[in-house]
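# Working through the structure, step by step
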Amino acid sequence: MRLGTMHHAGKRDSTVRHRPKGGVRPRLAMALVALGLIALAAVWGRQRVRAPTELAYAVELEGAARGQVDVTLQARGPLPRRLRLEQPGGLFHDPRGGATVTPLAAWNLSGDGRRGAPLVLRPEGRAWTLIDAGPHGAVVQYRLTLPHGGAADADIRAHLSRCSGTGARVAGFHVFLLPEALPVGAISVRFVGAPGGGAARLAVPWPGAGSPDGIVYAPRDVRDLTDALVAWDDLRLHEQDIGGCTVRLGVRGTWAFADRELARLLLRLGEAEIAFFGSPPHRSMLILVDSNPLRGGTGFEYYGLHVGHSVLLLLDPALGWNDLADKVASVAAHEMFHGWLGEEICPQSSDLNWFIEGATSWYTARLLVDSGVWTARRAEEVVMGRIAQHYAHSPLRGRVSIAEAARGMLRDGETTRFAYAGGTLAAERLDAWLAERSGRTHPLDAVLRDLFARRGEGPLTRERLERALRRAQGADAHAWLDRHVYGIEPLPCPAAMF
Ligand SMILES: [Zn+2]
């Protein structure tokens, strides 16, 4: 069993604040409304003409192996008088996670792009407020301090961003401070100060282009910047094109299988998934492979973590080729599938976790069989075995709904396993329920493709899912979902699934 996707709810570049309502008398209220409208028009007018701010990050790698990553952020463009900069830690923000930010200094930016007067940087909760930034922008220097990868901690989140003695791995939402409530334009990231020609050991998920200052990487937007993993370490890097998607593979450590065997397996899995959806979810993807720091005890045997276009596979160093084709294939296929379901088909809230995780697990197993990596018998053994153990025999069955367990995915091992097993069964049973009504084989496939094709219409909600089910199969699944997924009526286990 593994821990699947840890979705980071990417902090977008705008926030809305509500003021508490006061008891204002009517006449005074009219005057205040008029004043308010004038003020609003002024603010709006200013915001309409304000050009988007360009963000240029320079990440200093010299101290990375010791856990010290210094970052210089140039925010170019007119800035508000008070600008909050924050670490968009999201779900991953855990004080025990150990990746902490300390501001160092800030300056105004002059019209010709030079550093001007020093600025005050005031701490405010998890953010820092920049006071009196100028019309051309500001430069902010801060330090990210990383925990050492050797630290034993039962929480995998503490191992996402870490130094290793030879290098470091950082998650975008830990390292890139973001200006709050500001339209963001172009984003660029440079890595500097890497001793020994660091670029050869640098793994990033974004496209890069050469410049006089070295390679400049260009994340697509704020979410692409923060939902990413970057590694600079003892990595062996490989790159291959899978169906129009550039897949970069960074392997660290010694394994019983060759890197090329792993690359070949990923190719096979990627091709099967791209064939299922018709096109890749992104133009590029990064897959990092490292040893699992949490073997045994309360941890999981294998971890697959997925953020944006980046996948991290944390595996037991003792595993051999058979484990690779069996267990690792399943984790890798699962995390790659999230590129479509979870990232492109993006849920609005944790209310849909059961579907994202359940359908991903169910489809991963089916595609492993279709691509010949697993036999149908092996898929039955693994998937039905998990469902029997963690759903059918779980003390949570009939007491906690699958949707509720999946909302609190990381609460504890029992809940996590129940949520995955229950979600997988729910996806399979929903497919079977639809098949009974439509007479078609695997009608849920068309629903998934439909959701992918319409991903631009907005994030996935229960209502959108129900609409897609109605559209594709003419079936109203509301009551069925209410009973079995959002309610506690147990789902029966089928005799065979594959
Ligand atoms: Zn997952």
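Scope of this entry: the structure provided in the associated data block. Per chain, residue numbering runs from 1 following the sequence as it is written. In keeping with the predicted nature of the model, local features appear solely for residues at pLDDT of at least 70, side-chain atom pairs appear and are counted solely at 80 or more, and the whole-chain, interface and lining totals rest on all residues.

## With respect to the nonpolar core
Within soluble globular proteins, side chains that are nonpolar tend to cluster in buried spots. Each nonpolar core reported here comprises buried Ala, Val, Leu, Ile, Met, Phe, Trp, Tyr and Cys residues connected via C-beta atoms within 7 Å. We call a residue exposed when 12 or fewer other C-beta atoms sit within 10 Å of its C-beta, buried when the count reaches 20 or more, and partly exposed for counts in between; the C-beta positions come from the backbone. One finds Ala-138, Ile-287 and Leu-313 to be the most contacted residues of the largest nonpolar core, which totals 132 residues. Once C-beta atoms are placed from the backbone, any two residues with those atoms within 7 Å are in contact. When neighbours within four sequence positions are excluded, Leu-313 is seen to be in contact with Ile-287, Val-289, Gly-304, Val-328, Val-331 and Ala-332.

## Here's the deal with the packing of helix H5 (residues 321–337) against helix H6 (residues 353–370)
At a closest axis distance of 9 Å, the pairing of H5 and H6 adopts a crossing angle of 125 degrees. Here H6 runs oblique to H5, going by the angle between their axes. As H5 packs across H6, the resulting crossing turns out to be right-handed. Counted together, Ala-329, Ser-330, Ala-333, His-334 and Phe-337 of H5 and Thr-360, Ser-361, Tyr-363, Thr-364, Leu-367 and Leu-368 of H6 form the full contact between these two elements. Partitioned by chemical class, the residues of the contact of H5 with H6 number six nonpolar, five polar and no charged. Note on geometry: axes are C-alpha line fits, over the in-contact stretch for helices, and angles between N-to-C directions span 0 to 180 degrees. A helix here means a DSSP run of H or I that spans at least four residues, while a strand means a run of E at least two residues long, and both kinds are numbered starting from the N terminus. Here roughly perpendicular refers to angles of 65 to 115 degrees, roughly parallel to angles under 35, roughly antiparallel to angles over 145, and oblique to all remaining angles. Crossing handedness is defined as follows: a turn of the near helix away from the far one that is anticlockwise and smaller than a right angle gives a left-handed crossing, while the clockwise case is right-handed. Each residue gets one label: Ala, Val, Leu, Ile, Met, Phe, Trp, Tyr, Cys and Pro are nonpolar, Asp, Glu, Lys and Arg are charged, and the others, such as Gly, are polar.

## Some words on the pairing of strand E8 (residues 127–131)
Only one face of E8 is buried, namely the one carrying Trp-128 and Leu-130, since none of Ala-127, Thr-129 and Ile-131 on the opposite face is buried. In this analysis, strands are considered paired if DSSP registers two or more bridges between them. Relative to E8, strand E4 (residues 82–86) runs antiparallel, the two sharing five bridges. When the sheet's bridge partners are listed, Leu-83 is paired in E8 with Leu-130. In terms of strand pairing, strand E7 (residues 120–124) meets E8 through five bridges, oriented antiparallel. Counted as the bridge partner of Leu-121 is Leu-130 from E8.

## Looking at the sheet that holds strand E14 (residues 202–203)
If you trace the four strands from one edge of the open sheet to the other, you get E10-E11-E17-E14, paired in antiparallel fashion. Each edge of the open sheet is held by one strand with a lone partner, namely strand E10 (162–163) and E14. Pairing of E10 with strand E11 (residues 168–171) involves two bridges; the strand directions are antiparallel. Looking at E11, one finds that Arg-162 is bridged to Arg-169.

## Let's talk about the sheet that holds strand E5 (residues 100–109)
Pairing within the open sheet is mixed, and its eight strands lie in the order E6-E5-E9-E3-E2-E13-E16-E15. Only two strands of the sheet have a single neighbouring strand rather than two, namely strand E6 (115–118) and strand E15 (208–211). Averaged over all pairs of adjacent strands, the angle between strand axes in this sheet comes to 30 degrees, irrespective of strand direction. Bridge analysis of E15 against strand E16 (residues 214–217) gives four bridges, and the strand direction is antiparallel. From the neighbouring strand, Ala-209 faces E16, where its bridge partner is Val-216.

## As for the environment of Arg-268
Among the structural elements, Arg-268 can be located in helix H4 (residues 259–277). For Arg-268, a count of 18 C-beta atoms within 10 Å translates into the label partly exposed. Here the alpha-carbon distance between Arg-268 and Ala-333, two residues 65 residues apart in the chain, equals 9.6 Å. Ignoring any residue separated from it by four or fewer positions in sequence, one finds Arg-268 in contact with Ser-371 and Val-373.

The analysis is restricted to geometry; functional conclusions fall outside its scope.
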